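Here's the letter readout for the chains.
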Amino acid sequence: MASKTSLQPSPVAAAFRSLQWDPLSSLRLTPQETALLRMAESNPIEYTLGDARDATMYVRVLLKLLAEASVNVSGHVARITEECNENRALDALDADPLGVVTHYAIAKLSTIIVTLSSPWAAENGVSIGNVFYAGPEGVLIEQWKALLRVISKGKGDAYAQRSAALCLAQILVAACPSQRGAKDAATPATAGAGRVPSYASAIEPLEALTAWVITQLKSSNAVTVGTTVPAIMTLTSATEGRQIFAASGGIKYLSRQLRQRDKKQSTVSSSSGSERKANSSVQQLYELAFCLWCLTYELNNFADVRADFAKDGLPVMALVELVSSAPREKVVRVALAALRNLATCSADIHPEPDMPRIDSKVFLGEMIACGLMKAIGLLRDRQFTDPDIVDDVDMLHKLLADNFKEMTRWEVYQNEVETGQLQWGSTHTDAFFKENSKMMEGKDGDFKLVKILISLLSSNDEDIAAIACFDLGEFCRHYPNGRAIAKRLGGKDLAMTLIEHDNPELQRHALQCVSKMMVQNWEYVK
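Procedures and definitions
- Residues numbered from 1 in each chain as written.
- Predicted model: local features only at pLDDT ≥ 70, side-chain atom pairs only at ≥ 80, totals over all residues.
- Heavy atoms only, no water.
- Helix = DSSP H or I, 4+ residues; strand = E, 2+ residues; numbered from the N terminus.
- Buried < 20%, exposed > 50% of the residue type's maximum accessible area, 1.4 Å probe, protein only.
- Contact = heavy atoms within 4.5 Å.
- Lys, Arg positive; Asp, Glu negative; His and termini not counted.
- Charge placed at Lys NZ, Arg CZ, Asp CG, Glu CD.
- Patch = residues over 30% accessible without salt bridge, like charges linked within 9 Å, V, L, I, M, F, W, Y side chains within 5 Å.
- Areas by Shrake-Rupley, 256 points an atom, 1.4 Å probe, with all protein chains shown as cover.
- Salt bridge = Lys/Arg side-chain N within 4 Å of Asp/Glu carboxyl O.
- Core = buried A, V, L, I, M, F, W, Y, C linked by side-chain atoms within 4.5 Å.
- pLDDT = per-residue confidence, 0-100.
- Axes fitted to C-alpha atoms, helices over the stretch in contact; angles between N-to-C directions.
- Parallel < 35°, antiparallel > 145°, perpendicular 65-115°, else oblique.
- Left-handed = near helix turned anticlockwise from the far one by under 90°.
- Nonpolar A, V, L, I, M, F, W, Y, C, P; charged D, E, K, R; others polar.
- Phe/Tyr/Trp six-rings, centres within 6.5 Å; stacked < 30°, edge-to-face > 60°.

A. Representation of the overall build of the chain. A tally of helices and strands in the chain yields 30 helices and 2 strands. The dimensions of the chain, computed from C-alpha atoms along their principal axes, are 95 × 50 × 45 Å. The 526 residues of the chain split such that 52% are buried. Once local pairs closer than 6 in sequence are excluded, the contacts in the chain between residues at least 24 apart make up 72%. In the chain, which carries 55 positive and 61 negative side-chain charges, the distance between the mean positions of the two groups comes to 3 Å.

Structure, rendered in structure tokens:
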């Protein structure tokens with residue numbers, strides 16, 4: 001499974017050929033730099049990159065353009081989102097020449113990086129390492145900071161941020177040893193003149209880029225998140241990038257975005273007016289899920305990554321919801337592939353003695369609690385043309401069924417509550433609580449599950465809130481002093497607020513829950 005990062009052209013690309021360098025004195029270009037820009041414009045990009053000296057100087061001039069022009073990166077051009085015809089693009093050039101220069105420099109850098117990653121570059125012994133890394137030690141050139149400046153200061157200019165972030169990610173990932181080894185193996189022996197870039201010089205920039213990505217992922221705005229996606233896809237293509245991204249909390253924020261985007265996608269109507277928006281939303285869902293799938297390849301290598309995937313059950317929940325909602329086959333395919341990696345991961349390859357053991361069994365329990373067994377059952381009845389989907393569905397069905405047989409009813413209930421995905425069933429009955437109410441104490445006597453049930457009374461999902469009311473009421477009935485414990489933890493006050501809820505079913509369960517807290521012999525009232 002592979003995904004290629006591609007970008008839309010600049011909305012003002014039609015104005016690039018009309019740029020005049022001499023009047024733009026604020027760019028502080030030397031006559032030699034101006035001549036190089038003109039020469040590069042009049043020749044194929046391979047001609048400029050074929051000469052090592054010209055290629056290095058050309059890249060530095062473009063980065064200088066960015067550094068000088070990006071002080072105005074949030075001007076008139078930054079507010080243009082739709083592709084302009086030539087007249088509108090020329091109007092933008094008159095209104096905001098530095099904004100057009102910023103887009104021009106980023107577009108040229110993007111073309112250079114694509115060319116340096118092509119078979120032509122491998123055959124001719126040129127690479128990103130030749131051009132963006134300098135000296136015998138292959139140290140990243142200082143001018144890279146111009147890209148970070150555009151990313152950090154270019155708020156509002158989606159094209160500049162998205163493209164600059166992708167360019168920087170591609171430059172930095174080229175220094176990762178895991179990527180370099182793969183490229184070296186694919187490079188002909190005659191092309192061995194390429195400079196080996198220093199990974200040490202790329203670590204700090206990688207961390208800075210990842211920090212910006214994480215900040216953007218905290219947003220609820222799809223456009224803001226969209227500026228990061230191509231860069232994340234590039235970062236997560238390398239082991240080193242995945243490690244830094246995961247260590248920065250990326251798994252949690254990716255999972256949150258997946259849940260938000262999936263819920264918004266489900267509310268988009270199928271009318272013709274919203275079709276393009278729906279397709280765009282599905283594509284972003286796919287790309288975010290693809291990044292999460294890439295991160296699952298570090299499960300066997302790092303206990304911290306397994307812990308992040310297990311935290312709050314959020315990643316599993318997000319992936320199961322994607323499979324259940326099935327927005328498009330490609331989204332289902334990548335979500336199933338991620339779930340399969342979680343369901344088969346091991347804590348024995350790289351054990352961490354000081355951390356709790358988290359392995360496939362933990363994740364399978366979360367999947368069962370989130371209702372994946374039902375979703376997989378429905379998928380088995382569908383006809384898929386992709387053999388990978390069929391294989392993943394069959395494998396997950398077997399693993400889930402085997403694990404479910406080994407789980408006690410209490411373990412099923414515990415996983416359900418801890419993931420917050422309550423569903424009516426045999427674990428939400430009078431008989432179950434009569435038998436298991438003592439288990440609600442928890443290993444540490446902290447009544448953790450009771451606290452979670454109380455928090456679920458505030459759930460936006462009315463069915464979950466209703467089940468939480470029922471369970472809390474049954475705990476009060478069957479656990480010694482359960483009524484006092486539930487009241488002390490705030491259960492009564494929250495349940496009281498639901499008595500006048502618009503949903504009559506939730507209203508009924510809330511009233512019964514409060515009654516069970518108030519009345520000692522509930523069975524006589526019932």
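B. Main features of a negative patch on the surface. On the surface, Asp461, Glu462, Asp463 and Asp502 cluster together into a negatively charged patch. By secondary structure assignment, the location of Asp502 is in the loop between α28 (491-497) and α29 (504-518). Overall, Asp502 belongs to the exposed group, its relative accessible area being 76%.

C. Looking closely at the nonpolar core. Trp21, Leu65, Phe132, Leu209 and Met367 are the most contacted members of the largest nonpolar core, which has 139 residues in total. When near neighbours in sequence (up to four residues on either side) are disregarded, Phe132 contacts Val59, Leu109, Ile112, Ile113, Leu116, Val139, Leu140, Ile141 and Ile171. Formed by 34 residues, the second largest nonpolar core is a distinct cluster that contains Trp410, Phe447, Leu453 and Leu498.

D. Geometry of the confidence of the model for the chain. Here the chain shows a mean pLDDT of 87. Residues at 70 or above account for 90%. Note on residues 185-193: pLDDT is under 50 here. Beyond four places in sequence and across chains, it has 5 contacts. Note that pLDDT drops below 50 for residues 269-273; the model gives that stretch 1 contact with residues more than four away or on any other chain.

E. Here's a closer look at the pattern of salt bridges. Scanning the entire structure with this criterion turns up 21 salt bridges. When the shortest N-O distance is used, the salt bridge between Asp359 and Arg357 registers 3.3 Å. Judged by relative accessible area, which is 14%, Asp359 ranks as buried. Residue classification places Arg357 among the exposed residues on the basis of a relative accessible area of 52%.

F. Looking closely at the packing of helix α11 (residues 199-217) against helix α14 (residues 239-247). One way to put it is that α11 packs onto α14 with a least axis distance of 9 Å and a crossing angle of 50°. In terms of their interaxial angle, α11 and α14 are classed as oblique. In the crossing of α11 with α14, the sense of the turn from one axis to the other is right-handed. Of α14, the residues touching α11 (which contributes Tyr199, Leu206, Glu207, Thr210, Val213, Ile214 and Leu217) are Glu240, Ile244 and Phe245. For the contact of α11 with α14, the residue count by class is 7 nonpolar, 1 polar and 2 charged.

G. Seen up close, the packing of aromatic side chains. Evaluation of the coordinates by the stated rule reveals 14 aromatic pairs. Taking 5.7 Å as the distance between ring centres and 85° as the angle between the ring planes, the aromatic pair formed by Tyr413 and Phe433 counts as edge-to-face. Of the two residues, Tyr413 sits in helix α23 (residues 409-419) while Phe433 sits in helix α24 (residues 430-436), which places them 20 residues apart along the sequence. Look at Phe475 and Tyr479: their rings are 5.2 Å apart centre to centre, the planes differ by 20°, and that puts the pair in the stacked class.

H. Here's a closer look at unusual backbone geometry. The backbone of Arg28 sits at a positive phi, close to 55°, despite the residue not being glycine. Its location among the elements puts Arg28 in the segment before α1 (31-41). Classification of Arg28 by relative accessible area gives exposed; the value is 58%. Non-glycine residue Asn481 carries a positive phi angle of around 65°. Checked against the element boundaries, Asn481 lands in the loop between α26 (462-478) and α27 (482-488).

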